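# Notes for the structure review
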Amino acid sequence: MSISERFDCHYCKDSLLGKKYIMKEDTQYCTKCYENLFANCCEGCSSSIGCNCKDLSYKDRHWHEQCFKCAKCSRSLVEKAFAAKDDLLLCTECYAHDYSSKCSTCKKTIMPGSRKMEYKGNSWHETCFLCHRCQQPIGTKSFIPKDTGYFCVPCFEKQFAYQCCACKKVGLRLSGHHNRKQLSGQRFTSRENYPYCLECFSNLYAKKCVGCTKAITSESLVTIMFSFTLTPSLPHIDICICVGTCR
């Protein structure tokens, strides 16, 4: 730039030679014009945030560094964790005291940012939500409520679920449990008040097909039953055939 060339503020046309200026989109402005045209308004003090100040922003809102404070206790939030509630910025301590859930086990506040377990309106710290039997954290694993406690599936099966009298597999609880939760994917039935999985019940008690000798279960496509008498002195004999595999 030669001495004869001018270097002026784009807005007020005052010379910028030897003065501080700010470039915006390849256009130069004196600091006064830049602040009047482009400076953000501080949410805290309602004054413009000048060129010599830090502009702290959150969700299109702006503050001077010294105005970025907790709305309740007025402690600085600069380089600290904070939470927003109804357009107010709060430090984590104030937010937790006023709005955070309390752990149903230890009764302490569940601080913002920590893992929280919730079930039917109750909340727990992750480390406080324990299986009633083994006292291990349940975390994100499946669990089953029972009375006033919560059980991981293995502990519930060991303590409450019935086992098949024959193969000892754990299955559907048969005592009238209101939600009839199915455990381990096993379906159960009973005979004379003893539980059996369907496979064992079929092998022990179901009628056998005269064609293939296998037990006829509800999964057979069609079951044909008929009876006949060999001699007048013999009783009727029932015969079952599972149609679909033996015809």
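Quick caveat, the model's predicted, so the values are computed rather than measured. (Residues numbered from 1 in each chain as written. Predicted model: local features only at pLDDT ≥ 70, side-chain atom pairs only at ≥ 80, totals over all residues. Heavy atoms only, no water.)

The secondary structure content of the protein amounts to four helices and 14 strands. Counting across all 247 residues of the protein, residues that qualify as buried make up 28%. Across the protein, contacts joining residues at least 24 apart in sequence account for 17% of those joining residues at least 6 apart. (Helix = DSSP H or I, 4+ residues; strand = E, 2+ residues; numbered from the N terminus. Buried < 20%, exposed > 50% of the residue type's maximum accessible area, 1.4 Å probe, protein only. Contact = heavy atoms within 4.5 Å.)

Turning next to the nonpolar core. In this structure, Trp124, Phe129 and Cys131 are the most contacted members of the largest nonpolar core, which totals 15 residues. Ranked by residues supplied to this core, first place goes to strand β10 (residues 149-152) with three residues. Not counting chain neighbours up to four residues away, the residues in contact with Cys131 comprise Gln136, Ile138, Tyr150, Phe151, Cys152 and Cys155. Counting residues in hydrophobic clusters, the runner-up holds ten residues, among them Trp63, Leu77, Leu90 and Cys91. (Core = buried A, V, L, I, M, F, W, Y, C linked by side-chain atoms within 4.5 Å.)

Below, the discussion takes up the pattern of salt bridges. Oppositely charged side chains can pair when the atoms bearing their charge come close. All chains considered together, the criterion is met by six salt bridges. Between Glu43 and Arg61 there is a salt bridge, and its shortest N-O distance comes to 3.8 Å. Here Arg61 lies in strand β4 (residues 61-64) and Glu43 lies in the loop between α1 (31-38) and β3 (55-58), a separation of 18 residues in the sequence. With a relative accessible area of 42%, Glu43 lands in the partly exposed category. A salt bridge links Asp98 to Lys72, with the shortest nitrogen-to-oxygen separation between them at 2.8 Å. Separated by 26 residues along the polypeptide, Asp98 in helix α2 (residues 92-99) and Lys72 in the loop between β4 and β5 (82-85) bring together distant segments of the chain. A relative accessible area of 46% places Lys72 in the partly exposed class. (Salt bridge = Lys/Arg side-chain N within 4 Å of Asp/Glu carboxyl O.)

As a further point, take the environment of Lys24. Mapped onto the elements of the fold, Lys24 is located in strand β1 (residues 21-24). For Lys24, a relative accessible area of 29% corresponds to the partly exposed category. Residues Lys24 and Tyr34 lie ten residues apart in sequence; the distance between their C-alpha atoms is 8.7 Å. Apart from residues no more than four positions distant in its own chain, Lys24 is found in contact with Tyr29, Tyr34 and Phe38.

Our focus in this paragraph is the packing of aromatic side chains. Following the criterion strictly, the structure yields 15 aromatic pairs and no others. When the centroid spacing of 4.6 Å and the interplanar angle of 45° are considered together, the rings of Trp124 and Phe129 count as tilted. Of the two residues examined, Trp124 and Phe129, each falls in the buried class. Ring geometry for Phe129 versus Tyr150: centroids 5.5 Å apart, planes at 50°, classification tilted. Taken together, the residues Phe129 in the loop between β8 (122-125) and β9 (143-146) and Tyr150 in strand β10 connect sequence positions 21 residues apart. In terms of burial, Phe129 and Tyr150 fall into one category: buried. (Phe/Tyr/Trp six-rings, centres within 6.5 Å; stacked < 30°, edge-to-face > 60°.)

By the element assignment, Thr27 lies in strand β2 (residues 27-30). For Thr27, a relative accessible area of 18% puts it in the buried group. With residues up to four places along the chain from it excluded, the contact list for Thr27 reads His10 and Ile22.

For a regular strand, side-chain orientation follows a simple rule: the groups alternate between the two sheet faces. The pairing of β3 with β4 spans four bridges and is antiparallel. Counted as the bridge partner of Asp55 is His64 from β4. In textbook terms, the turn of a hairpin is the stretch between consecutive antiparallel strands, and for β3 and β4 this stretch comprises two residues, one of which, Lys59, has a positive phi near 50°. (Pairing = 2+ DSSP bridges.)

It is worth spelling out the pairing of β5 at this point. Note: β5 against strand β6 (residues 88-91), four bridges, orientation antiparallel. Note on β6: the bridge partner recorded for Phe82 is Cys91.

Considering the arrangement of structural elements, one finds Asp8 in the segment before β1. We classify Asp8 as buried; its relative accessible area is 18%. Other than its neighbours up to four places away in sequence, Asp8 contacts Lys13, Asp14, Ser15, Leu16 and Gln28.

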